[in-house]
Amino acid sequence: MKTNRKYDGMKYRWLKEAEKFILLLLVVYLVFRFIIGFSVVRGNSMESTLHNKEVVMFLRLTQSYEKGDVVRVKVPSGGYYVKRIIATQGDTIDIRSGKVYINDQCFEEPYAMGTTTRLGEFVTYPLTLKEGEVFIMGDNREQSTDSRTFGVVGERQIKGKLYVRIGKFYIHKIK
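Residues numbered from 1 in each chain as written. Predicted model: local features only at pLDDT ≥ 70, side-chain atom pairs only at ≥ 80, totals over all residues. Heavy atoms only, no water.

### Here we look at the packing of aromatic side chains
Okay, step 1: Here the structure, examined in full by the defined rule, presents three aromatic pairs.
Okay, step 2: A ring pair is formed by phenylalanine 32 and phenylalanine 38, whose centres lie 5.8 Å apart and whose planes are at 35 degrees; its orientation type is tilted.
Okay, step 3: For phenylalanine 32, a relative accessible area of 36% gives the class partly exposed.
Okay, step 4: Judged by its relative accessible area of 41%, phenylalanine 38 is partly exposed.
Okay, step 5: Between tyrosine 81 and phenylalanine 150, the ring centres sit 6.2 Å apart and the planes meet at 55 degrees, which makes this aromatic pair tilted. In this pair, tyrosine 81 sits in strand 4 (residues 80–87) while phenylalanine 150 sits in helix 2 (residues 147–150), placing the two residues 69 residues apart along the sequence.
Okay, step 6: In this structure, arginine 84 is placed above the aromatic ring of tyrosine 111, and the distance from its NZ or CZ to the ring centre is 3.7 Å. (Phe/Tyr/Trp six-rings, centres within 6.5 Å; stacked < 30°, edge-to-face > 60°. Buried < 20%, exposed > 50% of the residue type's maximum accessible area, 1.4 Å probe, protein only. Helix = DSSP H or I, 4+ residues; strand = E, 2+ residues; numbered from the N terminus. Lys NZ or Arg CZ within 6 Å of the ring centre and 35° of its normal.)

So, in structure tokens, the structure goes:
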């Protein structure tokens, strides 16, 4: 009889621990599914801000985006890119003489590398963005496939705003 009670106690303890573990897994799943995410930067299009193979953390819950925000976005081809928002709804964007103009004002971009040129056949400049649209570009303008190539993206295609990059020996907030 004593062995049965001992066995029942161990079984009960094991079930309680399994219950806690399953609850923990559920919480971790929900946090990573709906609140935060991680992505790996692929390519050189965001240099010098982000580098190839760096891991970045993004917040999925962000509801509004501003010029200069670095975001993870699902592009029309179905892939996921890490790019910077250059213009938002209502803005008129133009590219002239290697510079970006927003609403006829030269847009200061201390993070941009290289000359900004018009690319592709899908975008006609000047371009005025409609409600819910954003224009994204990589910081390394000569190495980036972005809205100049495939056109504007909808805010619904943005999967999160990047906050932190994780290198080999550092964690750095993205500006």
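### Some remarks on the pattern of salt bridges
Okay, step 1: With the rule as written, the count across this model stands at 11 salt bridges.
Okay, step 2: Glutamate 54 is the partner of arginine 165 in a salt bridge, and the nearest nitrogen-oxygen pair spans 3.9 Å. Of the two residues, arginine 165 is situated in strand 11 (residues 158–166) and glutamate 54 in the loop between strand 1 (36–40) and strand 2 (55–59); the sequence distance between them amounts to 111 residues. Both residues of the pair, arginine 165 and glutamate 54, count as buried.
Okay, step 3: Residues aspartate 139 and arginine 84 are paired through a salt bridge, measuring 2.8 Å at the closest nitrogen-oxygen approach. With aspartate 139 in the loop between strand 9 (133–137) and helix 2 and arginine 84 in strand 4, the pair connects residues that are 55 residues apart, well separated along the chain.
Okay, step 4: On the accessibility criterion, arginine 84 (2% relative accessible area) is buried.
Okay, step 5: Connected through shared salt-bridge partners, Asp94, Arg96, Asp104 and Arg118 make up one network. (Salt bridge = Lys/Arg side-chain N within 4 Å of Asp/Glu carboxyl O.)

### Remarks on the sheet that holds strand 8 (residues 127–128)
Okay, step 1: Spatially, the four strands line up as an open sheet ordered 7-6-5-8, and their pairing is antiparallel. Strands with a single pairing partner mark the edges of an open sheet, and in this sheet they are strand 7 (105–106) and strand 8.
Okay, step 2: Both strand 5 (residues 92–96) and strand 8 contribute to a ladder of two bridges, which runs antiparallel. Looking across to strand 8, one finds that isoleucine 93 is bridged to leucine 127. (Pairing = 2+ DSSP bridges.)

### Re the environment of lysine 74
Okay, step 1: Tracing the chain through its elements places lysine 74 in strand 3 (residues 70–74).
Okay, step 2: By relative accessible area, lysine 74 is classed as partly exposed at 32%.
Okay, step 3: Remark: the alpha-carbon pair of lysine 74 and lysine 159, spanning 85 residues in sequence, is separated by 7.0 Å.
Okay, step 4: Those residues in contact with lysine 74 that lie beyond four places of it in its chain are Gly79, Tyr80, Gln157 and Lys159. (Contact = heavy atoms within 4.5 Å.)

### Concerning the side chain of glutamate 54
Okay, step 1: Residue classification places glutamate 54 among the buried positions, given a relative accessible area of 6%.
Okay, step 2: Looking at glutamate 54, its side chain comes within polar contact range of the main-chain nitrogen of histidine 51, at 2.8 Å. (Polar contact = N/O pair within 3.5 Å; in protein donor to acceptor, adjacent residues only side chain to side chain.)

### Looking at the nonpolar core
Okay, step 1: Among the nonpolar cores identified, the biggest contains 13 residues, and Ile86, Ile93, Val100, Ile102, Phe135 and Met137 are the most heavily contacted of them.
Okay, step 2: Breaking this core down by element, the ones donating at least two residues are strand 4, strand 5, strand 6 (99–102) and strand 9.
Okay, step 3: Discounting chain neighbours no more than four positions away, the residues touching isoleucine 86 are Lys67, Ile93, Val100, Ile102, Phe107, Glu109, Tyr111, Phe135, Ile136, Met137 and Arg141. (Core = buried A, V, L, I, M, F, W, Y, C linked by side-chain atoms within 4.5 Å.)

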